[in-house]
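Close look at the chain arrangement
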Amino acid sequence: MSSVSAPSSSSAPTSLRNAVIRFAGNSQDGIQSIGGFLARLAGRTAQEVMTYMTIPSTISGGPSIFQVHLGSGEVLHEGDEADVLVAFYKHSYQNHIGSLRKGGICFYDTADMTAEDLNHDRGIIHIGVPFTSATVEAVGGSTRDRGKNMFVLGMVCAVFNLDKEKLVGIVSRQFGRKDESVLRNALLAFDAGFAYQVGDVEKFSFVPGEAPGSHRISADGNQMMTLGLIAAGVRYGSAYPITPWSSIMETLRVELPKYGGIYVQAEDELAAVAMTIGAAFAGHLAITGSAGPGLSLKMEALGYASMAEIPLIVVNVQRGGPSTGLPTSVEQSDLMQAIYGSHGDSPRIVLAPKDVEDCFYIALEAGKLAKKYSCPVIILSDQALSSRIEAFEEPDLDKHWVEPELDLATRPADFKPYPLDAITRHAPPGAKMAGGKYPIATGLEHDEMGHPSGSPKMHTLMTAKRRNKLVQLSKELPLPEIHGDTTGDALVVGWGSTFGPIKESVTRMRSEGHKVGAIHLRHLHPMPAGLGDLFKQYKHVVCVEMNDSGLYGYGQLATLLRASLADPRIQSVCKTDGLAFRIREIVTGVEKIMTQA
């Protein structure tokens, strides 16, 4: 918690630039709602926000946290340490008191803890508050386990001098759609928390937010990915539910019929990808999606899509693996599967968004690339992005909206669906063929007309055709922007949701005197040409990624880069604990590599 001024009197609040608040309880306590309300408030007050949550792999029940990093300037990570801990239970306190910084503030529910349970090390300020009994007293009835989250929200609003009017408006819009008694009880609990006197604890107030833009919104990555897909012109597809992908599927299922499309929940992953390929062959921009286990099941059909050069989008919201693994934790271990998972040589494009806002724009780009290069495009999101809430300027839909048009124009007599000297352009069923013959799409190797072919020469030529369009894309891609020094001791390379922590880490290392830069790869397959020359400007190249360093000591991205560039300076900082990178983990890892000869 960084302050910009000390209180001028005992009653004046301390001005803050940022603060990290961790709510620890059980998943049914509504702590996610508290964080969601605070994040939405940030979006309406020009402040920045990044949230972080954990829920048990059993999804329902069990310990859970929701952490909110609020800031008046740029917020790039969820916070290494909490400034304030709100513990709903004794086990919440015991499990998370270590995450509170030295001298931090801990609010705990006196219904579940006594003074004897407290650990007074590190100068932590403990404040007992009767969350449960005060809520019951305010609301009445059998509300012991309902509404105390709103009491806590009101208390936090008072402690941090947040905009109560806007916050109540957000709460009212959320609960106003339910029974009248729900909103009434929520506001009674909120007001009780707001009015509760927490004692001599210091009060705080954020300095005005600095985020530009007048039309800001707060959303999570899955929401923005869904909106981006619709804006890109996606109208058809199919999928099977799996955490953390499911909310994209559910929203598409509700929204696409409003735009003349349809989204089908299939009986399994195989049917889902097959239906999506069918929609794409029919001339529509279509999408399927899943998490890692589901992507594995789709791989055979994606091989067909590569062979038949069918344009479609596949979203993989990565989680910890393998198998059912850590379904509610984050990992970046599906990169190799996304690129090489199918049998045979099955070239496809692989992209990764850097933050929640980018989930919208990468969906737009995936739609454009799928149509331009007539091949599958896989978007690698991850669990952190899927559930993280950030605030940003609302995308300009008028500027980006793609209205899909089915191309049923007459194909000329010499039309070839698979020309060796050009990129494939399919003729959807219903298009008039001047030559009188409809093209064939098959998983067998084929000639330029799509007819099955066992010719060794044709297989060689068609394999090169499918490969070379990605080679061409590689040459067209711009080199990623460098944050920090353009030459120096180390270049930190990342992809996906590590963007913010890497950028913050590099800023911190530069402030300590290191000459360090960072790039973030949005295009993972193919990568931009020219990376090798960029790497030569640094003594060390450090890939930071959330996967295992494997048998040979390198993460998946580092392995790809070493294989393509044969550059021994490329090394790895990896982790596999199912948690997002902390700043100190990246800084420590990079500094350790920089000390090597």
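Residues numbered from 1 in each chain as written. Predicted model: local features only at pLDDT ≥ 70, side-chain atom pairs only at ≥ 80, totals over all residues. Heavy atoms only, no water.

1. Describing the overall build of the protein
In plain terms, the rule: Starting at the N terminus, helices and strands are each numbered in turn, a helix being any DSSP run of H or I of at least four residues and a strand any DSSP run of E of at least two. Restricting the calculation to C-alpha atoms gives the radius of gyration, and the globule rule supplies 2.2 Å times the number of residues raised to the power 0.38. For every residue, the accessible area obtained with a 1.4 Å probe (protein chains only) is divided by the maximum for its type, and the residue is called buried under 20%, exposed over 50%, and partly exposed between those limits. Throughout, a residue-residue contact means that at least one pair of heavy atoms, one from each residue, lies within 4.5 Å.
What the protein contains, in helices and strands, is 19 helices and 22 strands. Taken over C-alpha atoms, the radius of gyration comes to 26 Å for the protein, in line with the 25 Å a tight globule of 597 residues would show. If one aligns the C-alpha atoms of the protein with their principal axes, the spans along those axes are about 85 × 65 × 40 Å. Sorting the 597 residues of the protein into buried and exposed places 55% on the buried side. When contacts within the protein are restricted to residue pairs at least 6 apart in sequence, long-range pairs at least 24 apart make up 72% of them.

2. Some remarks on the layout of surface pockets
Inclusion rule: A cavity, in this analysis, means grid points on a 1 Å lattice covering only the protein atoms where a 1.4 Å probe fits yet has no way out; a pocket is instead an open set bounded by protein on both sides within 12 Å along at least five of seven lines, and a residue lines either one if it has an atom within 4 Å of a point. Grid points are joined across faces, edges and corners, and a volume is the space filled by probe spheres set on the points. Under the grouping applied here, Gly and all other residues not named as nonpolar or charged are polar, the nonpolar ones being Ala, Val, Leu, Ile, Met, Phe, Trp, Tyr, Cys and Pro and the charged ones Asp, Glu, Lys and Arg.
Estimates place the volume of the second largest pocket at around 800 Å³. What lines the second largest pocket is a set of 35 residues, and nearest its centre among them are Lys354, Asp355, Glu481, Phe499 and Lys503. Of all the elements in the fold, those that place two or more residues in the lining of the second largest pocket are β3 (48–54), α12 (356–373), β16 (389–393), α16 (499–511) and β19 (516–521). Per-class residue counts for the lining of the second largest pocket are 19 nonpolar, four polar and twelve charged.

3. Topic: helix α5 (residues 164–175)
For clarity, the cut-off: In this analysis, the expected span of each helix is defined as 1.5 Å times one less than the number of residues it contains. Working definition: the arc comes from the directions between the helix axis and the C-beta atoms, pointing outward to the latter.
For α5, spanning twelve residues, the distance from its first C-alpha to its last is 16 Å, which sits close to the expected 16 Å at 1.5 Å a residue. Within α5, burial applies to Leu167, Ile170, Val171 and Phe175. Viewed along the axis of α5, the buried residues span an arc of 120 degrees, placing them on a single side of the element. Exposed positions of α5 whose direction lies more than 90 degrees from the buried face are Glu165 and Arg173.

4. Comments concerning the packing of aromatic side chains
Remark: the centre distance and the inter-plane angle together describe each pair of aromatic rings, the angle taken between the planes. Which entries qualify depends on this criterion: Two rings from Phe, Tyr or Trp (for Trp, the six-membered ring) form a pair when their centres sit within 6.5 Å of each other. Planes less than 30 degrees apart are called stacked, planes more than 60 degrees apart edge-to-face, and all others tilted. Lysine and arginine charges are scored as sitting over a ring when NZ or CZ, respectively, is within 6 Å of the ring centre and within 35 degrees of the ring normal.
All told, the structure shown has nine aromatic pairs when counted by the stated rule. Taking 6.4 Å as the distance between ring centres and 50 degrees as the angle between the ring planes, the aromatic pair formed by Phe131 and Phe151 counts as tilted. In this pair, Phe131 sits in helix α3 (residues 131–139) while Phe151 sits in helix α4 (residues 148–159), placing the two residues 20 residues apart along the sequence. Neither Phe131 nor Phe151 differs from the other in exposure class; each is buried. Three or more aromatic residues joined by ring pairs form one cluster here, namely Phe88, Phe131, Phe151 and Tyr196. Note that Lys164 overlies the ring of Phe194, its terminal NZ or CZ placed 4.3 Å from the centroid.

5. A closer look at the domain arrangement of the protein
Rules: Each domain span listed reflects an automatic or database assignment of domains. Two parts placed together each lose some accessible area under a 1.4 Å probe, and the buried area is that loss summed for both. Between Lys or Arg on one side and Asp or Glu on the other, a salt bridge is scored when a side-chain nitrogen of the former is within 4 Å of a carboxyl oxygen of the latter.
Examined at the domain level, the protein breaks down into domain 1 (14–206), domain 2 (218–399) and domain 3 (482–596). One C-alpha centre belongs to domain 2, the other to domain 3; they are set 26 Å apart. If you look at the interface, domain 2 gives 29 residues, while domain 3 gives 23 residues. Buried surface at the junction of domain 2 and domain 3, both sides included, amounts to about 2100 Å², of which 58% is carbon and sulfur. Per-residue buried area on domain 2 facing domain 3 is highest for Gln332, Leu335 and Lys354; these three make up 30% of the total on that side. The interface formed by domain 2 and domain 3 contains two salt bridges. Across the salt bridge formed by Asp358 and Arg522, the nearest N and O atoms sit 2.6 Å from each other.

6. Focus on the pattern of salt bridges
Scanning all chains against the criterion turns up 23 salt bridges. In this structure, the salt-bridge partner of Lys164 is Asp191, at a minimum N-O distance of 3.7 Å. A residue pair is termed long-range when its members are at least 10 positions apart, and Lys164 in helix α5 and Asp191 in helix α6 (residues 180–195) qualify at 27 residues. A relative accessible area of 30% places Lys164 in the partly exposed class. For Asp191, a relative accessible area of 38% puts it in the partly exposed group. Salt bridges sharing common partners tie together Glu309, Lys465 and Lys469.

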